[in-house]
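Spelled out, the chains give:
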Amino acid sequence: MAAMCHRDTETGREYLLITSRDTGRWIIPKGWPIDGLSPADTALQEAWEEAGVRGTATSDDPIGSYCYDKGLDDGSALPVEAQVFSIAVTDMLPTFPEAAERTLNWVDSETAASLVNEPELQALFLNQ
C-alpha cells in the first residue's frame with residue numbers, strides 16, 4: 001500500500017515525496033499490508049511512520065497502482081505492485097518513527113513525476 005499525500009496551497013496542490021532509506025531516491029510512503037487495517041488505513045499508517053503525516057484517505061479505493069523492485073537484504077530484488085491511495089494531509093508532525101532516516105519534499109505534480117523513477121507512478125502524478 002502506498003500513500004500519495006497532498007495538500008492545497010495558495011499556489012496549487014502540492015505532493016509529498018520522501019527519500020528511500022537505502023538509495024536516497026525520491027518515493028512516496030509505502031509498505032506491506034498490515035493485519036487488521038484496510039488497505040487505505042495501511043497507506044495512512046505508512047505515511048505517518050515514514051513522513052509524520054496525519055490525514056484522511058479520500059477514498060477506500062486506490063487511485064491506481066505502480067510496480068517497483070523491493071531490494072532485499074540478500075541483495076536480490078522482489079517485484080512488487082503497490083496500490084496507491086490519495087491522502088489529504090491535515091497535519092505534519094515533526095517527530096515520527098523514521099524522521100532521522102528520511103528527507104521530505106513538497107512539490108507540484110509535474111516536479112513529482114520528474115523526480116520519481118517508476119513510469120506508472122509518474123503517470124499517476126501527471127493525471128492528478
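The following paragraphs examine the structure supplied in this document. (Residues numbered from 1 in each chain as written. Predicted model: local features only at pLDDT ≥ 70, side-chain atom pairs only at ≥ 80, totals over all residues. Heavy atoms only, no water.)

**Topic: the overall build of the protein chain**
Turning to step 1, where the next piece is worked out: Of the regular secondary structure elements, the protein chain holds three helices and seven strands.
Turning to step 2, where the next piece is worked out: Its helices and strands in sequence order give the protein chain the pattern β-β-β-α-β-β-β-β-α-α, from N to C terminus.
Turning to step 3, where the next piece is worked out: Relative to the compact-globule value of 14 Å for 128 residues, the protein chain shows a C-alpha radius of gyration of 14 Å, a close match.
Turning to step 4, where the next piece is worked out: Relative to all contacts within the protein chain whose residues are 6 or more apart in sequence, the contacts with residues 24 or more apart total 63%.
Turning to step 5, where the next piece is worked out: Of the roughly 6,900 Å² of accessible surface on the protein chain, a fraction of 46% belongs to carbon and sulfur atoms.
Turning to step 6, where the next piece is worked out: Seen as two clouds, the 8 positive and the 22 negative side-chain charges of the protein chain have centres 4 Å apart. (Helix = DSSP H or I, 4+ residues; strand = E, 2+ residues; numbered from the N terminus. Rg over C-alpha atoms; globule rule 2.2 N^0.38 Å. Contact = heavy atoms within 4.5 Å. Areas by Shrake-Rupley, 256 points an atom, 1.4 Å probe, with all protein chains shown as cover. Lys, Arg positive; Asp, Glu negative; His and termini not counted. Charge placed at Lys NZ, Arg CZ, Asp CG, Glu CD.)

**A short note on helix 3 (residues 119-126)**
Turning to step 1, where the next piece is worked out: Among the residues making up helix 3, those that are buried are Leu121, Leu124 and Phe125. Summarising the axial view, the buried residues of helix 3 lie within an arc of 100 degrees, below the 170-degree limit, and thus occupy one face. For helix 3, the exposed residues set more than 90 degrees away from the buried face come down to Pro119 and Leu126.
Turning to step 2, where the next piece is worked out: Tucked inside the fold, the buried residues of helix 3 contact strand 1 (2-9), strand 2 (12-19), strand 5 (64-71), strand 6 (77-92) and helix 2 (109-115). (Buried < 20%, exposed > 50% of the residue type's maximum accessible area, 1.4 Å probe, protein only. Arc of directions from axis to C-beta.)

**Observations regarding the environment of Asp73**
Turning to step 1, where the next piece is worked out: For Asp73, the position within the fold is in the loop between strand 5 and strand 6.
Turning to step 2, where the next piece is worked out: Along the sequence, Asp73 and Gly12 sit 61 residues apart, while their C-alpha atoms lie 40 Å from each other.

**Concerning the nonpolar core**
Turning to step 1, where the next piece is worked out: Of all hydrophobic cores here, the largest spans 17 residues; its most connected members are Met4, Leu17, Ile28, Tyr66, Val84, Leu121 and Phe125.
Turning to step 2, where the next piece is worked out: Of all the secondary-structure elements, those providing two or more residues to this core are strand 1, strand 2, strand 5, strand 6, helix 2 and helix 3.
Turning to step 3, where the next piece is worked out: Other than its neighbours up to four places away in sequence, Phe125 contacts Met4, Tyr15, Leu17, Ile28, Ser109, Ala112, Ala113 and Val116. (Core = buried A, V, L, I, M, F, W, Y, C linked by side-chain atoms within 4.5 Å.)

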